[in-house]
Amino acid sequence: MDITTDEFTAILKKTAELKAEIKKGKQPDVLKGKVVAMLFEKPSTRTRASFESAILRLCGKAVYLPSADLQLKRGEPVKDTARMFGGYFDGLVARVYQHKTIRELVEFSGLSVINGLCNKAHPTQAICDLFTIMEVKKDLKGRKLAYIGDGNNVCNSLLLACAHSGMHISVARPEGYDPDAVFLAEASKIAKNTGATIEITTDPTWAAKEADILYTDTWISMGEDAEKEKKLRDFQGYQINEGLIGLAAKDVSVMHCLPAYRELEITEQALEGSHSVVWQQGENKMYAACGVLDFFLG
Ligand code: CP
Ligand code: NVA
């Protein structure tokens with residue numbers, strides 16, 4: 001939401017350039033002399049490991065700071081922590097529970113803060129996802145992505161990314177699990193300039209029709225364990241499986257941000273089958289991190 005369509009496109013282009021260089025064994029000195037903090041309130045495999053590796057590959061230094069090891073755990077305010085980080089580091093990657101924590105980190109650290117997931121958004125994931133679609137399909141404009149599942153942080157960011165890219169996004173979710181209204185409104189505004197379209201439905205088979213991409217995420221996000229039983233009931237029928245793949249375009253690509261819960265939001269067969277680009281998508285987290293780091297801190 002903080003970048004323009006042109007900036008979004010520039011990050012994708014830079015991601016491709018840096019991927020090509022790194023694949024050739026080069027170490028672009030984009031972050032030379034810079035120290036980047038990684039503040040994590042929640043677990044992470046991909047975002048943590050890919051950003052840490054990306055920072056090192058771009059010749060910077062990464063400092064991983066799980067919040068459980070900081071005075072934050074004993075109640076020190078975010079704003080006091082942020083002021084300290086502002087003095088020690090050149091940039092910050094943060095994975096937090098509440099979006100307002102991201103805003104506080106921005107305000108009190110004075111640093112560029114890269115959101116590595118919060119309750120509302122997962123922007124670096126969406127950049128990785130659109131980069132992957134670009135690699136697989138060669139173009140973005142006019143392509144159809146069907147998002148099947150929870151209107152959560154990943155869905156909110158995908159709405160913006162698809163809007164920036166001029167794609168058609170159809171979200172199939174049960175009633176009551178809508179994407180965030182602010183994100184929907186912003187994506188609709190962006191879509192007016194790019195030719196993208198946005199559709200929200202309760203019908204996964206309708207969304208999947210002729211889709212170029214079938215995308216899903218876990219039904220139960222981190223911190224939602226108390227709602228698990230209800231959500232498992234509500235999301236019955238919102239699974240990516242062979243039936244849904246059969247309704248999509250012949251060369252449909254199946255995507256998932258991971259971690260995946262097999263036989264819930266996606267079947268083992270769909271995840272491991274010939275349509276899946278999930279492992280390429282996962283690898284691209286590191287290159288998307290490079291693109292994002294270059295844009296904000298390079
Ligand atoms: N996709 C993603 O953000 O995964 P992690 O939770 O492992 O970082
Ligand atoms: N929606 C999931 C994404 C995990 C990468 C969560 O917030 O837990």
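Rules of the game
- Residues numbered from 1 in each chain as written.
- Chains lettered and ligands numbered in written order.
- Predicted model: local features only at pLDDT ≥ 70, side-chain atom pairs only at ≥ 80, totals over all residues.
- Heavy atoms only, no water.
- Buried < 20%, exposed > 50% of the residue type's maximum accessible area, 1.4 Å probe, protein only.
- Helix = DSSP H or I, 4+ residues; strand = E, 2+ residues; numbered from the N terminus.
- Pairing = 2+ DSSP bridges.
- Near = heavy atom within 4 Å.
- Polar contact = N/O pair within 3.5 Å; in protein donor to acceptor, adjacent residues only side chain to side chain.
- Axes fitted to C-alpha atoms, helices over the stretch in contact; angles between N-to-C directions.
- Parallel < 35°, antiparallel > 145°, perpendicular 65-115°, else oblique.
- Left-handed = near helix turned anticlockwise from the far one by under 90°.
- Contact = heavy atoms within 4.5 Å.
- Nonpolar A, V, L, I, M, F, W, Y, C, P; charged D, E, K, R; others polar.
- Domains from an automatic or database assignment.
- Buried area = accessible area lost by both parts, 1.4 Å probe.
- Salt bridge = Lys/Arg side-chain N within 4 Å of Asp/Glu carboxyl O.

*Asks:* Quick question: what am I supposed to make of the pairing of strand β3 (residues 91-95) here?
*Replies:* Note on strand geometry: in a regular strand, side chains alternate between the two faces of the sheet. Among the five residues that make up β3, five are buried, leaving the element largely enclosed by the rest of the structure. On β3, burial covers both faces: Gly-91, Val-93 and Arg-95 on one face and Leu-92 and Ala-94 on the other are all buried. The sheet contact formed by strand β1 (residues 35-40) and β3 spans five bridges and is parallel. Paired with Phe-40 across the two strands is Arg-95, which belongs to β3.

*Asks:* Sorry if this is basic, but what is going on with the site of ligand 2 here?
*Replies:* Neighbouring ligand 2 are the residues Leu-117, Asn-152, Asn-153, Val-154, Asp-217, Thr-218, Ser-221, Met-222 and Leu-258. Side-chain polar atom of Asn-153 to an oxygen atom of ligand 2: 2.9 Å apart, as the coordinates give it.

*Asks:* Even after reading the chapter, I still don't get the packing of helix α2 (residues 46-57) against helix α12 (residues 278-297), so can you show me in this structure?
*Replies:* For the pair α2 and α12, interaxial distance at closest approach is 8 Å and the crossing angle is 55°. When the interaxial angle is binned, α2 and α12 end up oblique. The handedness of the crossing between α2 and α12 is right-handed. Packed against α2, whose contacting residues are Arg-46, Thr-47, Ser-50, Phe-51, Ser-53, Ala-54, Ile-55 and Arg-57, the element α12 presents Lys-285, Met-286, Ala-289, Cys-290 and Leu-293 at the interface. Per-class residue counts for the contact of α2 with α12 are seven nonpolar, three polar and three charged.

*Asks:* Is there a simple way to explain the site of ligand 1 in this structure?
*Replies:* Near ligand 1, the surroundings consist of Ser-44, Thr-45, Arg-46, Thr-47, Arg-95, His-122, Gln-125, Cys-257, Leu-258 and Lys-285. The contact in question runs from an oxygen atom of ligand 1 to an N or O atom on the backbone of Thr-45, over 2.7 Å. A distance of 3.0 Å is found between a nitrogen atom of ligand 1 and a side-chain nitrogen or oxygen belonging to Gln-125. Among the residues making up the shell around ligand 1, the classes are represented as two nonpolar, five polar and three charged.

*Asks:* What's the story with the domain arrangement of the chain in this structure? I'm lost.
*Replies:* One widely used convention gives an interface's size as the accessible area the parts lose upon coming together. Its domain assignment divides the chain into domain 1 (5-121 + 285-297) and domain 2 (123-282). Measuring from the centre of the C-alpha atoms in domain 1 to the corresponding centre in domain 2 gives 24 Å. The junction of domain 1 with domain 2 conceals about 2100 Å² of combined surface from both sides, 68% of it contributed by carbon and sulfur atoms. At the boundary of domain 1 with domain 2, the tally comes to two salt bridges. Linking Lys-19 and Glu-135 is a salt bridge whose minimum nitrogen-to-oxygen distance equals 2.8 Å. The tally of links from domain 1 across to domain 2 stands at eight residue pairs in polar contact (both at pLDDT 80 or more). The set of elements that each furnish at least two residues to the side of domain 1 that touches domain 2 consists of α1 (5-23), α2, β4 (113-115) and α12. With seven residues, the top contributor of residues to the side of domain 1 that touches domain 2 is α1. Split into classes, the residues belonging to the side of domain 1 that touches domain 2 amount to 13 nonpolar, four polar and six charged.

*Asks:* Would you take a moment to explain the packing of helix α6 (residues 153-164) against helix α7 (residues 181-194) for this structure?
*Replies:* Between α6 and α7, the least distance of the axes is 8 Å, while the angle of their chain directions is 10°. Judged by the inter-axis angle, α6 sits roughly parallel to α7. On the side of α6, the interface is formed by Asn-156, Leu-159, Leu-160, Ala-163 and His-164, while α7 contributes Phe-183, Leu-184, Glu-186, Ala-187, Ile-190, Ala-191 and Thr-194. Tallied by class, residues from the contact of α6 with α7 come to eight nonpolar, three polar and one charged.

*Asks:* Would you explain the sheet that holds strand β8 (residues 213-216) in this entry?
*Replies:* Strand pairing in a sheet relies on backbone hydrogen bonds, with the paired strands running either antiparallel or parallel. Spatial ordering of the open sheet is given by β7-β6-β5-β8-β9, a layout of five strands whose pairing is parallel. Strand pairing shows two members of the sheet lacking a second neighbour, β7 (197-201) and β9 (253-256), which therefore form its edges. Adjacent strand axes in the sheet meet at a mean angle of 20° when their direction is disregarded. As paired elements, strand β6 (residues 168-172) and β7 share five bridges and run parallel to each other. Looking at β7, one finds that Ala-172 is bridged to Thr-201.

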